[in-house]
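# Residue-level structure breakdown
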Amino acid sequence: MPKPLSCHDALEVVDAPSITPVTLAEVKDQLRVEHSDDDTQITRLIDVAVAFTDVKGALGQAMITQKWAQWIDSTPPQSVDLILGPVQGVTAVKYYDTDGDLQTDTLANYEVFGTAFSTKIKPKQGFSWPVAQDRQDAIKIEYEIGYGDATTDVPETIRHALMLLIGHWYDNREQTQMDELASIPYGFEQILNIHRNCWYG
């Protein structure tokens, strides 16, 4: 029997972003690091900061374009809220048929409406959700989210917040006190609050 899905389990990444919102060169310039001795460490801090902030993290939104899937059960409401954002577009609606085989429905049968941060999908008039196997992950909606494909598409305020976090961790990497290691630099949350709408995280 399929296991019940929690909110986290109902989401999965299909295509991860190909780049990070800030580059190694940009971060090194912010940190005033002119040597390459710490490049590996700074790159790791960039990756950790992005994971801490992106989609399910502190920002609750995607920064660089990426594709996610949202699973819903076999008896969805007429319209379904897409949990993540900012939504660029829905790319596929798939479902498990009554035999348990994954099928792809006709995307043109669906209407996507709302804003990038409050997006819904529903069948167009004269169409309905597919007849699917009775399971909580019966229907899979794939959609692209993020501000864009390039680092410059991400708002500068968000990019600056990332650099604050990376700089804090870089400067305090030798600290051993748990409260010091866990602390977040002043301004990080306040900057992200500018962009938070009704976020996932």
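So, here is what we can say about the structure in this document. What you see is a predicted model, and the numbers here were worked out from it, not measured in a lab.

## Examining the sheet that holds strand β7 (residues 118-123)
- If you walk across this open sheet you meet the three strands as β3-β7-β6, and the pairing is antiparallel. Two strands bound the open sheet, and with one partner strand each, they are β3 (80-81) and β6 (110-115).

## Some thoughts on unusual backbone geometry
- Note the cis peptide between G85 and P86, where omega equals -10°.
- In this model, R32 sits at a positive phi of 60°, which is unusual for a non-glycine residue.
- By relative accessible area, which is 76% here, R32 ends up exposed.
- Of note in this structure, V55 is not a glycine but carries a positive phi near 50°.
- On the basis of relative accessible area, V55 is assigned to the buried category, the value being 3%.

## Things to note about the nonpolar core
- If you look at the biggest cluster of nonpolar residues, it comprises 25 residues, and the most contacted ones within it are V22, V27, I42, I46, M63 and I166.
- Residues contacting V27, with those up to four places away along its chain left out, are V22, I42, I46 and I166.
- Formed by 21 residues, the second largest nonpolar core is a distinct cluster that contains W68, W129, A138 and I145.

## Topic: the pattern of salt bridges
- As enumerated under the stated definition, the model contains nine salt bridges in all.
- Measuring nitrogen to oxygen at the nearest pair gives 2.9 Å for the salt bridge that ties D39 to K28. With D39 in helix α2 (residues 39-53) and K28 in helix α1 (residues 24-31), the pair connects residues that are eleven residues apart, well separated along the chain. Each of the two residues, D39 as well as K28, counts as buried.
- One salt bridge in this structure joins K94 and E142, with 3.4 Å as the shortest N-O distance. One end of the pair, K94, is in strand β4 (residues 87-96); the other, E142, is in strand β8 (residues 139-145), with 48 residues separating them in the sequence.

## Brief notes about the packing of aromatic side chains
- As enumerated under the stated definition, the model contains five aromatic pairs in all.
- Geometrically, the ring pair formed by F52 and F188 is tilted, given 6.1 Å between the ring centres and 40° between the ring planes. Placement of the pair is F52 in helix α2 and F188 in helix α5 (residues 188-193), with a sequence separation of 136 residues.
- Measuring from centroid to centroid gives 5.2 Å for Y110 and W129, while their planes differ by 50°, and the two rings are tilted. Taken as a pair, Y110 in strand β6 and W129 in the loop between β7 and β8 lie far apart in primary sequence, 19 residues in all. For the residue pair Y110 and W129, the accessibility class agrees, reading buried in each case.
- Grouped by ring-pair contacts, the aromatic residues F52, W169 and F188 constitute a single cluster.
- Directly above the aromatic system of F113 lies the positively charged group of K122, at a separation of 5.4 Å from the ring centroid.
- The ring of Y96 carries the charged tip of R135 above its face, separated from the ring centre by 3.9 Å.

Thresholds, definitions, all that
- Residues numbered from 1 in each chain as written.
- Predicted model: local features only at pLDDT ≥ 70, side-chain atom pairs only at ≥ 80, totals over all residues.
- Heavy atoms only, no water.
- Pairing = 2+ DSSP bridges.
- Helix = DSSP H or I, 4+ residues; strand = E, 2+ residues; numbered from the N terminus.
- Buried < 20%, exposed > 50% of the residue type's maximum accessible area, 1.4 Å probe, protein only.
- Core = buried A, V, L, I, M, F, W, Y, C linked by side-chain atoms within 4.5 Å.
- Contact = heavy atoms within 4.5 Å.
- Salt bridge = Lys/Arg side-chain N within 4 Å of Asp/Glu carboxyl O.
- Phe/Tyr/Trp six-rings, centres within 6.5 Å; stacked < 30°, edge-to-face > 60°.
- Lys NZ or Arg CZ within 6 Å of the ring centre and 35° of its normal.

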